[in-house]
Amino acid sequence: MVITERSHAAAPRDLAAPAIAIRDLTVAYRETPVLWDIDLDIPAGTLTAIIGPNGAGKSTLIKAALGLVPAAAGSVEIFVRPYDEQRLRVGYVPQRGSVDWDFPTNALDVVLMGTYGRLGWIRRPGRAEREVAMRCLDQVGMADFARRQISQLSGGQQQRVFLARALAQDADLYIMDEPFAGVDATTERAIVDLLRVLQARGKTVVCVHHDLESAPDYFDWLVLLNVRVMAAGPFAETFTPENLARTYGGRISLLSRLAEELEGRA
Amino acid sequence: MSSEIAVPLTGVLVASACALLGNFLILRRMAMMADAISHAILPGLVAGYVLAHGPNLLAGFLGAVLAAAITVTAVQALERTRRVDGGAAIGIVFPAMFALGTVLVTSQFADVHLDADAILFGNIEFVAFDTLTIGERDLGPRSIWVMSALCLINVLFVGLFTKELKLTTFDAGLAAALGFSPVLVHYALMLVLSVTAVGAFSAVGAVLVVALVIVPAATAYLLTERLALMIPLSVAFGAAAALIGYRAAIAWDTSIAGAMVSATGALFGLALLGAPRQGLIARAWRTRRQRATIASQMLAVHLFNHESGPERDEESRVAHLREGLRWSPQRTGLAIAGATRRGWVDRDNGRLVLTARGRQAAEQVVAR
Amino acid sequence: MSGLLRDLLFDYTLRNVALGSALLGIVSGVLGTFALLRRQGLLGDALAHAALPGICLAFLLTGSKAPIVLLLGAGIAGWVGTMLLLLIVRRTLLSEDAALGIVLSTFFGVGVTLLTFINQRGDANQAGLDKYLFGQAAALVARDVITFAILGGAALLLVLLFSKEFTLLTFDPAFASSLGFGTTRLSILLTSLIVVAVVIGLQTVGVVLMAAMLIGPAAAARQWTNRLAPMIALSALFGATAGVSGALLSFTRQGLPTGPTIVLTLTAIVFGSLLFAPARGLVWDRLRQRHRALSGPMPTPVALVESEGSRP
């Protein structure tokens, strides 16, 4: 597994700075705020999970970080600069359900789209880009499916194609929207391995996640979100029954079981 | 009957019959089916005339309804193959039917009433001259009889099957569970729509039927969300547009059907601007007020979040609000003024302090 | 057959008609591919209808009947229609298809009113505005074909330049936007190019049949391939084939109008593709089903229960 290395002039100074710094961010859809006054630092080099109930604004938070939805107030900085200046350092994995998988294209072409940002307007991908795309497909164990039409892939394979596309962006920060949603065990394993590899290479990964049970095994930094930030910090310290209860409003039965488990661990 | 009465009366009847059905097409998100059907009846109409050796009303009707049935079935079948989406299915079927109709017209009857203009614009201008006679008796313009009958059919259809239409429109699953077949209701609606389209076709032509079906109902939909109110409103808008259009067409010496449709458009435009809840003006006004409220709320939440931390002094400075929240001075001023007026914040030499009421407001906003 | 070929090459009228129709088929085939994949097939229908008042106003304002002036009016009106469509969809509770129907029919109504108004003044025949309703492919002259070639060539060149961006926009707009490709600007560009196709189509097949020219070739092409570039090429080929063979058919048979004949040829291609295209053809689907039913023994209820039970 090889990830092409690039050096950034600003990299050494950045590493101390947070990968994402959000200040006083409020985001509204149709004049109704869905996120209120978010203040959040996500340290570089972490594997961060953003967890919260349905409608907590998790996807909105990462879309705001990517400049996909406008902020009603506040600011987001990626490695201490506005997102517009840092696009090339960010890889994005949208929700799998957000695209039409019957689109006439194959896995390799989708992964190739990851190189478009670096290519800029009008320039076309060439052999170098195709090689990068192949390597990224290989990294998620999908090299054999490069020429497969995307509707003929399983849900998990489609998710891995999306991950490979983000890898092809060759970024320092990866933002993923529910990468584990509805995938098979093989894919789940593959994604976890990939996250570890990325972290070992000094990358930062931020995932919207919905499964409380698997979260402690996969991530080392946690943001609990419900319209505002309920708690954020190192995973073990933040993943407490009190914080979870505050985030979920005591609404899920799983909480009590988890609480017992946590007590047991402690 | 003179043209001055027959023409506007026909217009009002056509518009009312169309608008009644339009309500359900709008609510079912099937507005473009009206477009498809009104075009697709052409080959049926022409085939009927060919077989009857002349513009025979009944033969035309039967042919047109058959063509409409073929169209509705073909669109559904195409959608079900899942090789194309719904819009594309419509866009494949109706131009083909219309093209077929045009070919039939040019090859079979260069000389009969169905010339090009009549297909697209209808000939409502001449309805007074086409009278219905039984034996020796002149019963007045035929179109009045036909459209009255159609109006009656549609009123009965909508009146008798309100419950079924409503249920299958808003909750097809429940309707099926209760034994009302959504498919049956769908085909019944399409059948009545085709019959109406045939009747209206001769008066206003293929494209303008679409306007009379969709636009008045859409206008009513902007004004109310209650079906019981939407239906009479749509009929009123259709009838009003017919009368306004007639007067305007006479005044400016132009197409009556075109002017009627332009009038439906004008009424829609007025509703789009001025509707009490959905209208653009009301919406802009509401947005402004909402923005002001949200600004004050954001301020309260911001102060609340930083109340207990060590950063409190910094975060509550008025100057910080502009930099931190990225607000314009104007907006900052507005937010502070709003929050002060609501009794949420106090000023304490250059800093803003949350009052007990402000704290409560902030907690309420973020609690869900 | 050789006579027909000779006519195609040397008969002035037929050559222009065939060339014009082929150009329309290519341009609308290419742009229709993107429209179809963005599920905006009927946008072309709305744009074509919305163009009529533009044509009439252009004539009323300038008094000119030069195609380029009228087509410019058509383009502008199509544009205004699109904006209104977006306004209705974004700002009201009305659905997209209602918005399409409203824009299409009311613009056309205004167009008819203006057209009749011009007619009554007694100079419409000189202006020849009527031909935009049904299209008059048979009346295309060399100058029209040159206009088409310039307009269509420019549109195709832009598609070629921005093919990467258009593909991204169509497949995954959020990702496109995260990479810094402005999706609003790209959508506007793509829609403008569709307006160009519509403008060419108005003069050839007319207002009503334009929808078919945008949807048909792309819908047929989609059945033959699972990749975008071949789909675009096939779509252009189908469009051109329909254009040329429609022109030839109406040339050889009396009483076959060109525009409708083109659309009927195209419809035949669409249904042929839906039924017989290699992987996606419905006929093969049906045969496979039957083969499966015949080859294996029919599962008896007992066998079904067992297989259900043995599932992990």
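Let us look at the overall build of chain C. Along its length, chain C carries 16 helices and zero strands. Seen along its three principal axes, the alpha-carbon backbone of chain C occupies a region of about 80 × 55 × 35 Å. When contacts within chain C are restricted to residue pairs at least 6 apart in sequence, long-range pairs at least 24 apart make up 70% of them. Roughly 12,700 Å² of accessible area belongs to chain C as shown, and the carbon and sulfur atoms make up 68% of that amount. Both charge centroids of chain C, one from 21 positive and one from 13 negative side chains, sit 4 Å from each other.

A count of helical and extended segments in chain A gives twelve helices and ten strands. A buried classification covers 58% of the 266 residues belonging to chain A. When the accessible surface of chain A is summed, it comes to about 10,700 Å², and 50% of that surface belongs to carbon and sulfur atoms.

On the chain A side, the residues contacting the 22 residues of chain B number 23 residues. When chain B packs against chain A, the two sides together hide about 1,700 Å² of surface, and 48% of this comes from carbon and sulfur. Counting across the interface, chain B meets chain A through six residue pairs in polar contact (both at pLDDT 80 or more). Per-element tally for the side of chain B that touches chain A: the top contributor is helix α13 (residues 280–305) of chain B, with eleven residues.

A few words now on the interface of chain C and chain B. Counting from both sides, the interface comprises 52 residues of chain C and, opposite them, 56 residues of chain B. When chain C packs against chain B, the two sides together hide about 4,600 Å² of surface, and 77% of this comes from carbon and sulfur. Among the residues chain C hides against chain B, the three largest losses belong to L93, F134 and V208 of chain C. Together they make up 13% of the total. At the surface where chain C touches chain B, the tally comes to one salt bridge. Between R83 of chain B and D285 of chain C there is a salt bridge, with its nearest N and O atoms 3.1 Å apart. At the surface where chain C touches chain B, the tally comes to 14 residue pairs in polar contact (both at pLDDT 80 or more). Among the secondary structure elements, those contributing two or more residues to the side of chain C that touches chain B are α3 (43–62), α4 (67–91), α5 (96–120), α7 (131–134), α12 (210–222), α14 (258–276) and α15 (282–295) of chain C.

Bringing the sheet that holds strand β9 (residues 221–226) of chain A into the picture now. Residues and elements named next belong to chain A. If you walk across this open sheet you meet the six strands as β6-β7-β8-β3-β9-β10, and the pairing is mixed. Looking at the sheet topology across the chains shown, the edges are occupied by β6 (90–93) and β10 (228–234). Neighbour-to-neighbour, the strand axes of this sheet turn through a mean angle of 15 degrees, independent of strand direction. Across the sheet, helix α7 (residues 155–168) touches β6 and β7 (173–177), and the angle it forms with β6 is around 170 degrees.

Sheets are built from strands paired through backbone hydrogen bonds, the pairs being either parallel or antiparallel. Residue and element names in this part refer to chain A. If you trace the four strands from one edge of the open sheet to the other, you get β2-β1-β4-β5, paired in antiparallel fashion. Taken across any chain shown, the strands that pair with only one partner, and hence form the sheet edges, are β2 (32–43) and β5 (81–82). Bridge analysis of strand β4 (residues 73–78) against β5 gives two bridges, and the strand direction is antiparallel. From the neighbouring strand, I78 faces β5, where its bridge partner is R81. Here helix α2 (residues 58–65) sits on the sheet and contacts β1 (18–29), β2 and β4; the angle it forms with β1, its principal contact strand, is near 115 degrees.

Moving on, we get to the nonpolar core. I20 and F219 of chain A together with L94 of chain C are the most contacted members of the largest nonpolar core, which totals 280 residues. When residues of this core are assigned to their parent elements, the largest contribution, 15 residues, is made by helix α10 (residues 206–223) of chain B. Look past the residues within four positions of I20 of chain A in its chain and what remains in contact with it is L40, D41, I42, V76, E77, I78, L173, I175 and V206 of chain A.

The next subject is helix α12 (residues 256–274) of chain B. For α12 of chain B, built from 19 residues, the straight-helix expectation of 27 Å at 1.5 Å per residue is met to within 8% by its first-to-last C-alpha distance of 27 Å. Along α12 of chain B, 14 of the 19 residues are buried, which leaves the element largely enclosed by surrounding structure.

The subject of this paragraph is the packing of α3 of chain C against helix α11 (residues 183–204) of chain C. Residue and element names in this part refer to chain C. Across the interface, α3 lies against α11 with an axial gap of 9 Å and an inter-helix angle of 65 degrees. Put simply, α3 runs roughly perpendicular to α11. As for how α3 packs across α11, the hand of that crossing is right-handed. Only T191, I194, V195, V198 and L202 of α11 make contact with α3, whose side of the interface consists of L43, G44, L47, A48, A51 and I55. Residue composition of the contact of α3 with α11, grouped by class: nine nonpolar, two polar and no charged.

Criteria and thresholds
- Residues numbered from 1 in each chain as written.
- Chains lettered and ligands numbered in written order.
- Predicted model: local features only at pLDDT ≥ 70, side-chain atom pairs only at ≥ 80, totals over all residues.
- Heavy atoms only, no water.
- Helix = DSSP H or I, 4+ residues; strand = E, 2+ residues; numbered from the N terminus.
- Contact = heavy atoms within 4.5 Å.
- Areas by Shrake-Rupley, 256 points an atom, 1.4 Å probe, with all protein chains shown as cover.
- Lys, Arg positive; Asp, Glu negative; His and termini not counted.
- Charge placed at Lys NZ, Arg CZ, Asp CG, Glu CD.
- Buried < 20%, exposed > 50% of the residue type's maximum accessible area, 1.4 Å probe, protein only.
- Buried area = accessible area lost by both parts, 1.4 Å probe.
- Polar contact = N/O pair within 3.5 Å; in protein donor to acceptor, adjacent residues only side chain to side chain.
- Salt bridge = Lys/Arg side-chain N within 4 Å of Asp/Glu carboxyl O.
- Pairing = 2+ DSSP bridges.
- Axes fitted to C-alpha atoms, helices over the stretch in contact; angles between N-to-C directions.
- Core = buried A, V, L, I, M, F, W, Y, C linked by side-chain atoms within 4.5 Å.
- Expected span 1.5 Å × (residues − 1).
- Parallel < 35°, antiparallel > 145°, perpendicular 65-115°, else oblique.
- Left-handed = near helix turned anticlockwise from the far one by under 90°.
- Nonpolar A, V, L, I, M, F, W, Y, C, P; charged D, E, K, R; others polar.

These figures capture arrangement, not role.
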